[in-house]
There are 2 protein chains.
Amino acid sequence: MAEKEISQTVISRLPRYFRYLGELKDKGVERVSSQELSRLMTVTASQIRQDFNNFGGFGQQGYGYNVAYLYHEIGKILGLDQPHHLIIIGAGNLGQALANYMNFERRGFLFKGIFDHDPSLYGKEVRGLAVQPMENMERFIEEHEIDIAVLTIPKAGAVAAAELLVKSGIKAIWNFAHVDLNVPDRIQVENVHLTDSLMKLSYNINRQQDGGRQESRCSDEEDG
Amino acid sequence: MAEKEISQTVISRLPRYFRYLGELKDKGVERVSSQELSRLMTVTASQIRQDFNNFGGFGQQGYGYNVAYLYHEIGKILGLDQPHHLIIIGAGNLGQALANYMNFERRGFLFKGIFDHDPSLYGKEVRGLAVQPMENMERFIEEHEIDIAVLTIPKAGAVAAAELLVKSGIKAIWNFAHVDLNVPDRIQVENVHLTDSLMKLSYNINRQQDGGRQESRCSDEEDG
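Just so we're clear, the structure is a prediction, and the values are computed from it rather than from any experiment. (Residues numbered from 1 in each chain as written. Chains lettered and ligands numbered in written order. Predicted model: local features only at pLDDT ≥ 70, side-chain atom pairs only at ≥ 80, totals over all residues. Heavy atoms only, no water.)

In this structure, what is going on with the relation of the copies chain A and chain B? I would like to understand it.
One copy of the chain maps onto the other through a rotation about an axis followed by a shift along the same axis. Expressed as a screw transformation, the operator carrying chain A onto chain B has a rotation angle of 180° and an axial translation of 0.0 Å, and the superposed copies differ by an RMSD of 0.0 Å. Given the turn and translation reported, the copies of this chain are related as if by a two-fold rotation axis. Here 100% of the interface residues in chain A have copies in chain B that are interface residues too; the copies meet face to matching face. (Least-squares fit on C-alpha atoms with pLDDT ≥ 70 in both. Contact = heavy atoms within 4.5 Å.)

Any chance you could explain the pairing of strand β9 (residues 188–191) of chain A here in plain terms?
The two faces of the sheet receive side chains in turn, since in a regular strand these alternate between them. All names here are of chain A. Side-chain alternation along β9 places Gln188 and Glu190 on one buried face and Val189 and Asn191 on a second face that is also buried. As paired elements, strand β8 (residues 172–175) and β9 share four bridges and run parallel to each other. Paired with Ala172 across the two strands is Gln188, which belongs to β9. (Buried < 20%, exposed > 50% of the residue type's maximum accessible area, 1.4 Å probe, protein only. Helix = DSSP H or I, 4+ residues; strand = E, 2+ residues; numbered from the N terminus. Pairing = 2+ DSSP bridges.)

In this structure, what is going on with the packing of helix α1 (residues 8–26) of chain A against helix α9 (residues 194–208) of chain B? I would like to understand it.
Angle between the axes and distance between the axes are the two parameters that describe a pair of packed helices. For the pair α1(A) and α9(B), the least separation of the axes is 9 Å and the interaxial angle reads 125°. What the angle tells us is that α1(A) and α9(B) run oblique. Every pair of crossing elements has a handedness; the one defined by α1(A) and α9(B) is right-handed. Contacts between α1(A) and α9(B) involve Gln8(A), Ile11(A), Ser12(A), Pro15(A), Arg16(A), Phe18(A) and Arg19(A) from the first element and Asp196(B), Met199(B), Lys200(B), Tyr203(B) and Asn204(B) from the second. Among the residues forming the contact of α1(A) with α9(B), the class breakdown is five nonpolar, three polar and four charged. (Axes fitted to C-alpha atoms, helices over the stretch in contact; angles between N-to-C directions. Parallel < 35°, antiparallel > 145°, perpendicular 65-115°, else oblique. Left-handed = near helix turned anticlockwise from the far one by under 90°. Nonpolar A, V, L, I, M, F, W, Y, C, P; charged D, E, K, R; others polar.)

I'm lost on the side chain of His85(A) in this one. Help?
Residues and elements named next belong to chain A. Position of His85 relative to the elements: it lies in strand β3 (residues 84–89). Given the relative accessible area of 18%, His85 is considered buried. There is a polar contact of 3.4 Å between the side chain of His85 and the backbone oxygen of Glu145. In contact with His85, not counting residues within four places along its chain, are Leu110, Lys112, His144, Glu145, Ile146, Asp147 and Ile148. (Polar contact = N/O pair within 3.5 Å; in protein donor to acceptor, adjacent residues only side chain to side chain.)

Looking at this structure, how should I read helix α2 (residues 34–41) of chain B?
One full turn of an α-helix is made of 3.6 residues, so residues set three or four places apart face in the same direction. Residues and elements named next belong to chain B. Where α2 is concerned, the buried positions are Ser34, Leu37, Ser38 and Met41. Along α2, the residues classed as buried sweep out an arc of 105° about the axis, all on the same side. On its buried face, α2 is in contact with α1 (8–26), β1 (31–32), α3 (45–53) and β2 (65–66). Count one or two residues on from α2 and you reach Thr42, which has phi positive near 45°. (Arc of directions from axis to C-beta.)

Honestly, the packing of α1(B) against α3(B) in this entry has me stumped. Any pointers?
Residues and elements named next belong to chain B. It is the contact of α1 with α3, at a shortest axis distance of 11 Å, that shows an interaxial angle of 110°. When the axis of α1 is compared with that of α3, the two are roughly perpendicular. Between α1, through Val10, Arg13 and Tyr17, and α3, the contact on the second element is made entirely by Gln47, Ile48, Asp51 and Phe52. Class assignment of the residues belonging to the contact of α1 with α3 gives a composition of four nonpolar, one polar and two charged.

Just checking my understanding: could you explain the interface of chain A and chain B for this structure?
Across the contact, 83 residues belong to chain A and 83 residues belong to chain B. Of the roughly 7900 Å² buried at the junction of chain A and chain B (both faces included), carbon and sulfur atoms supply 54%. Between the two partners, chain A and chain B, sit eight salt bridges. Between Arg19(B) and Asp196(A) there is a salt bridge, and its shortest N-O distance comes to 3.4 Å. Here the element with the most residues in the side of chain A that touches chain B is helix α9 (residues 194–208) of chain A; it accounts for 15 residues. Of the residues assigned to the side of chain A that touches chain B, the class counts are 36 nonpolar, 25 polar and 22 charged. (Buried area = accessible area lost by both parts, 1.4 Å probe. Salt bridge = Lys/Arg side-chain N within 4 Å of Asp/Glu carboxyl O.)

What should I look at first to understand the pairing of β3(A) in this one?
All names here are of chain A. For β3, a buried count of six out of six residues is recorded, marking the element as mostly surrounded by other parts of the structure. Pairing of β3 with strand β4 (residues 109–116), which is carried by six bridges, proceeds in the parallel orientation. Within β4, the residue paired with Ile87 across the bridge is Gly113. Looking at chain direction, β3 and strand β7 (residues 148–151) are connected through four bridges and run parallel. Its bridge partner lying in β7, Ile87 is registered against Ala149.

So what exactly am I meant to see when it comes to the pattern of salt bridges here?
Here the idea is simple: oppositely charged side chains can pair when their charged atoms come close. Residues and elements named next belong to chain A. For the structure shown, the criterion picks out 18 salt bridges over all chains. A salt bridge links Glu73 to Lys76; the shortest N-O distance between them is 3.3 Å. Pair noted here: Glu73 and Lys76 are both in helix α4 (residues 67–77), with a separation of three residues, about one helical turn. Residue classification places Lys76 among the partly exposed positions, given a relative accessible area of 35%.

Before we go on, may I ask you to explain the nonpolar core in this structure?
Nonpolar side chains tend toward joint burial in soluble globular proteins. Counting 100 residues, the largest nonpolar core has Ile74(A), Trp174(A), Ile74(B) and Trp174(B) as its most contacted members. Residues contacting Ile74(B), with those up to four places away along its chain left out, are Leu14(B), Tyr17(B), Phe18(B), Leu21(B), Phe52(B) and Phe58(B). (Core = buried A, V, L, I, M, F, W, Y, C linked by side-chain atoms within 4.5 Å.)

I'm lost on the environment of Arg139(B) in this one. Help?
Tracing the sequence through the fold places Arg139(B) in helix α7 (residues 137–143). Distance in space between the C-alpha atoms of Arg139(B) and Ser168(B) is 7.6 Å, their sequence separation being 29 residues.

So what exactly am I meant to see when it comes to the packing of aromatic side chains here?
In this description, a pair of aromatic rings is defined by centroid distance and the angle of the planes. All names here are of chain A. By the definition in use, this model includes 18 aromatic pairs over all chains. For the pair Tyr17 and Phe52, a centre-to-centre distance of 4.8 Å together with 65° between the ring planes defines the contact as edge-to-face. Of this pair, Tyr17 sits in helix α1 while Phe52 sits in helix α3 (residues 45–53), placing them 35 residues apart in sequence. Each member of the pair, Tyr17 together with Phe52, is buried. Between Phe52 and Tyr65, the ring centres sit 5.1 Å apart and the planes meet at 80°, which makes this aromatic pair edge-to-face. Linking Phe52 in helix α3 with Tyr65 in strand β2 (residues 65–66), this pair joins segments that are 13 residues apart in sequence. Given a relative accessible area of 0%, Phe52 falls into the buried group. Since its relative accessible area comes to 0%, Tyr65 is described here as buried. Taken together, the ring pairs connect Tyr17, Phe52, Phe55, Phe58 and Tyr65 into an aromatic cluster. (Phe/Tyr/Trp six-rings, centres within 6.5 Å; stacked < 30°, edge-to-face > 60°.)

Below you can see the structure in the form of structure tokens.
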């Protein structure tokens, strides 16, 4: 499983499987067939089997999948069996919103600190943590074993902040700034370009009169 | 151009072209070749030509593309030549953050109202607009010709809210709730599942030791 390179499109579907399996588990469902999952998730059963085969298949389809086991295994593949330490760069509205979004902590994404360029924000409490100056960031990342930096500052400052994060040995950047970051290969980047997402919606509204709605999911884009 | 169905993956790349062309335009660049764009955007020149050919090609590559023209045309294709009226459902941190994100208005996405289930929030001002009860929503959508609803309430209430939005004749839902909405085909849905995005980042951090960084972009996922 760790050996072969798995496409990002397959990876993009894993959180959705994880979500549906979690709901089945919470309902006390013990086993689920790829056909049942297929109906629930409106993807083909063969797609589900193909996706799962990337990770060894997770047991016989004949008897269906063991829900608790599959949920646990996919969680492990997603790295949710160990906590991640996050800092947020940018104490503006979006940074504060993300800091206050409890759901992340339930998944083991622990918010450890928040930083900003703006001195007027220093000391301001966000989710019980005081906003710190950027100068403290490098040391903080090392001392608190921060692996993920959430970048919510405007485009203008984002590139410089990313460079500082690289210097600080960050492992991953969750980038909300509307700019593509140019960082070394060792650093994982996941972009959430909200404006792009909204423009895509705008396109599909215009296309609507030609019929055919296009649902698109941030976490499972595909060609076709 | 309106005739053939264009893949959502191509559409997903348009906002990024639009962004880079806007930056070139702001720098006073008049013409750009697919090779230059390719270098800037780190996509292949042939991909760029293929993408543009979906829309008629936008002029001869020999002389390069006219930046201002291409920027304008892609903006038109994205429906940015006409304003969109938005309401936000959910006056929590994320709803307020999105309401306060100016960048959307610059693109013609105009924030007209905000609604919530929670009576303690009624009347609270967000970006100069008072939070309204959900009961007002249907009428408001009709009176203010709202075409996009931004759904930022928790999963639990999101499905019911989506049903109400459908009843209210909304054209599109920008869904931040961590649930897949089941709405009629005529209604456009763009999902931003932040938790899924974070899980994908977590996966790629874990994969990092096997080498090979995977950059993924919310707005241009592709297999491979």
